[in-house]
Amino acid sequence: MVATEDDVSKIDFAAELEAAVAAVRDAATVCRSVQSNLVSAATLEKKDRSPVTVADYASQALVCSSLATRSKIAAVVGEEDAVELREGSAEDTRNKVVEHVRHVRGSEVSPDQALDWIDLGGVDPDASTERYWTLDPIDGTKGFLRGEQYAIALGLIEHGRVVLGALGCPNLPGPGGSAGCLLTAVRGQGAQIRPLDASGAEIVSSIRVSDIQSTAAARFCESVESGHSDQGQSASIAAALEITEAPVRVDSQAKYAIVAQGEAQIYLRLPTSKTYREKIWDHAAGMIIVEEAGGRVTDVRGNDLDFGHGRMLDNNAGIIATNGPIHDTVLEAVSRFVDQD
Ligand code: AMP
Ligand code: MG
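Residues numbered from 1 in each chain as written. Chains lettered and ligands numbered in written order. Predicted model: local features only at pLDDT ≥ 70, side-chain atom pairs only at ≥ 80, totals over all residues. Heavy atoms only, no water.

In this section: the sheet that holds strand S9 (residues 248-249). Judged by pairing direction, the sheet is mixed, and its 5 strands sit side by side in the order S9-S8-S10-S12-S11 without closing on themselves. The open sheet is flanked by S9 and strand S11 (296-298), the only strands paired with a single partner. Sheet topology note: the strand S8 (residues 220-222)/strand S10 (residues 266-269) ladder contains 2 bridges and is parallel. Note that in S10 the partner of Phe220 across the bridge is Ile266. (Pairing = 2+ DSSP bridges. Helix = DSSP H or I, 4+ residues; strand = E, 2+ residues; numbered from the N terminus.)

It is worth spelling out the pattern of salt bridges at this point. Taken as a whole, this structure holds 21 salt bridges when the rule is applied. Arg249 is the salt-bridge partner of Glu222, the closest N and O atoms lying 2.8 Å from each other. Residue Glu222 is found in strand S8, and its partner Arg249 is found in strand S9; the two are separated by 27 residues along the sequence. Residue classification places Glu222 among the buried positions, given a relative accessible area of 0%. In this structure Arg249 comes out as partly exposed when scored by relative accessible area, which is 42%. Between Glu278 and Arg269 there is a salt bridge, with the nearest N and O atoms lying 3.1 Å from each other. (Salt bridge = Lys/Arg side-chain N within 4 Å of Asp/Glu carboxyl O. Buried < 20%, exposed > 50% of the residue type's maximum accessible area, 1.4 Å probe, protein only.)

A few words on the nonpolar core. In this structure, Val101, Trp133, Phe144 and Leu154 are the most contacted members of the largest nonpolar core, which totals 51 residues. Top contributing element to this core by residue count: helix H2 (residues 13-40), with 12 residues. Apart from residues lying up to four places away in sequence, Trp133 is in contact with Glu16, Ala20, Leu67, Ser71, Ile73, Ala75, Val76, Val77, Leu154, Gly155, Leu156 and Leu164. (Core = buried A, V, L, I, M, F, W, Y, C linked by side-chain atoms within 4.5 Å. Contact = heavy atoms within 4.5 Å.)

This part takes up the site of ligand 1. Inspection of the region around ligand 1 gives 14 residues, with Ser223, His228, Ser252, Lys255 and Asp282 positioned closest. Interatomic distance of 2.7 Å between a side-chain N/O atom of Ser223 and an oxygen atom of ligand 1. The contact in question runs from a nitrogen atom of ligand 1 to an N or O atom on the side chain of Tyr276, over 3.0 Å. Here the shell around ligand 1 is built from residues that sort into 1 nonpolar, 6 polar and 7 charged. (Near = heavy atom within 4 Å. Polar contact = N/O pair within 3.5 Å; in protein donor to acceptor, adjacent residues only side chain to side chain. Nonpolar A, V, L, I, M, F, W, Y, C, P; charged D, E, K, R; others polar.)

Let us look at the packing of helix H4 (residues 50-70) against helix H5 (residues 91-105). Look at H4 against H5: their axes get within 9 Å of each other, and the N-to-C directions meet at 40°. Judged on the interaxial angle alone, H5 and H4 are oblique. The two elements H4 and H5 meet at a crossing, and its hand is right-handed. The segment H4 lies against H5, with Thr53, Val54, Tyr57, Ala58, Ala61, Leu62, Ser65 and Ser66 engaging Thr93, Lys96, Val97, His100, Val101, Val104 and Arg105. Considered class by class, the residues forming the contact of H4 with H5 number 8 nonpolar, 5 polar and 2 charged. (Axes fitted to C-alpha atoms, helices over the stretch in contact; angles between N-to-C directions. Parallel < 35°, antiparallel > 145°, perpendicular 65-115°, else oblique. Left-handed = near helix turned anticlockwise from the far one by under 90°.)

Donor atoms from the polypeptide that bind the magnesium ion (ligand 2) are Asp136 (OD), Asp139 (OD) and Asp282 (OD), placed at 2.0 to 2.3 Å. Donor residues binding the magnesium ion (ligand 2) come from one chain and are separated in sequence as D-x2-D-x142-D. Of this pair, Asp136 sits in strand S2 (residues 131-139) while Asp282 sits in the loop between S10 and helix H10 (284-292), placing them 146 residues apart in sequence. (Donors = N, O, S within 2.8 Å, 3.2 Å for Na, K, Ca; no water.)

For H10, a buried count of 8 out of 9 residues is recorded, marking the element as mostly surrounded by other parts of the structure. Within the span of H10, buried status applies to Ala284, Ala285, Gly286, Met287, Ile288, Ile289, Val290 and Glu292. Once H10 finishes, Gly294 follows within two positions and takes phi at roughly 105°, a positive value.

Moving on, we get to the confidence of the model for the protein chain. Looking at the protein chain, the pLDDT average stands at 93 and 94% of residues meet or exceed 70. For the stretch residues 1-6, pLDDT sits under 50, and the model shows 4 contacts to residues farther than four places along the chain or on other chains. (pLDDT = per-residue confidence, 0-100.)

Residues Ile266 and Leu268 point to one face of S10 and Tyr267 and Arg269 to the other, with burial holding for every one of them. As defined by bridge partners, S10 adjoins strand S12 (residues 319-322) across 4 bridges and the pair is classed as antiparallel. Bridge pairing links Arg269 to Ile319 in S12.

For helix H11 (residues 327-337), the set of buried residues is His327, Val330, Leu331, Ala333 and Val334. Projected down its long axis, H11 carries its buried residues within an arc of 165°, all on one side. When the buried face of H11 is taken as reference, the exposed residues oriented beyond 90 degrees from it are Asp328 and Arg336. (Arc of directions from axis to C-beta.)

Right, let's get into the state of the cysteines. Enumeration over the complete set of coordinates arrives at 0 disulfides. As a non-bridged cysteine, Cys31 has Cys169 as the owner of its nearest cysteine sulfur, 12 Å distant. For Cys31, a relative accessible area of 0% corresponds to the buried category. Free of any disulfide, Cys181 has its nearest neighbouring cysteine sulfur in Cys169, separated by 4.7 Å. A residue is classified by how much of its surface remains accessible, and Cys181, at 0% relative accessible area, is buried. (Disulfide = S-S within 2.5 Å.)

Written out as structure tokens, the structure reads:
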């Protein structure tokens, strides 16, 4: 569907933000319930990935069904689709997904309905899809399985630019001592934090990156997984920047949340392979939240992230997010240790 200029002017960002917040909260309910059972059932030791698979599908079903009723933007580019889930061999997983979806949406939801909701997220964006959501139903699945950090990440892309983001981090502290936070941003309107849990008063406060000007006083974050970011190179870069604090290793876009709140000043994601391309749903929400909190986000070459190329950031390599004032200094150090080709 090709949107006209008229459509563009009609987009109501306040309403879309509300839709994104509700969708992420619905998904967080199921993710939390699966993660708490997982820890108690000692699935951790068994290294069984099936609980995260169930939560991933159920999370996508809930976000897509919520957006279908509340958002004017129908297209969702999600990480999952229901193709495998429809196969006969997936019956056990499918039943569990449906059970979780019913828990939030009601017992009348049919299995077909739940699968169709997942498939609403199967849009493949091309040049004619001018506006779409992008969703990571569980970002940081390894952290989820370890009982640690993960996120539900929802971004809105318009003409290849991220214009809105909502990032639910169930295991990061929220305002007022609440468990879990939900960070949001709309382009040009700043970034905010609120409790992830919808019950109680809705306390929404602005967030801001750290204002430090010297890298020696900085803390940096990076992936727990050494396969997702080169930790040897980051150690060399940190030494060159005279950073003395140990890296904050956290799974998922919780790293962007930490930088946006000023608890660290740098997020380094250094390519471990020349061929890997970052996925749009791994960065859309986090990037706009850091930018709207006053920070800067580029790739390792200093280029802006280009969301106008389908499901991947085809024109970018790695990610560097900072509080802003130290960005160029960090990029200069990165250029000395990271191959820029
Ligand atoms: P993180 O929790 O920050 O380590 O990132 C999790 C994300 O890393 C997942 O959602 C994957 O899409 C992504 N990922 C998978 N393989 C790689 C890789 N080789 N390099 C960078 N990111 C990756
Ligand atoms: Mg992810």
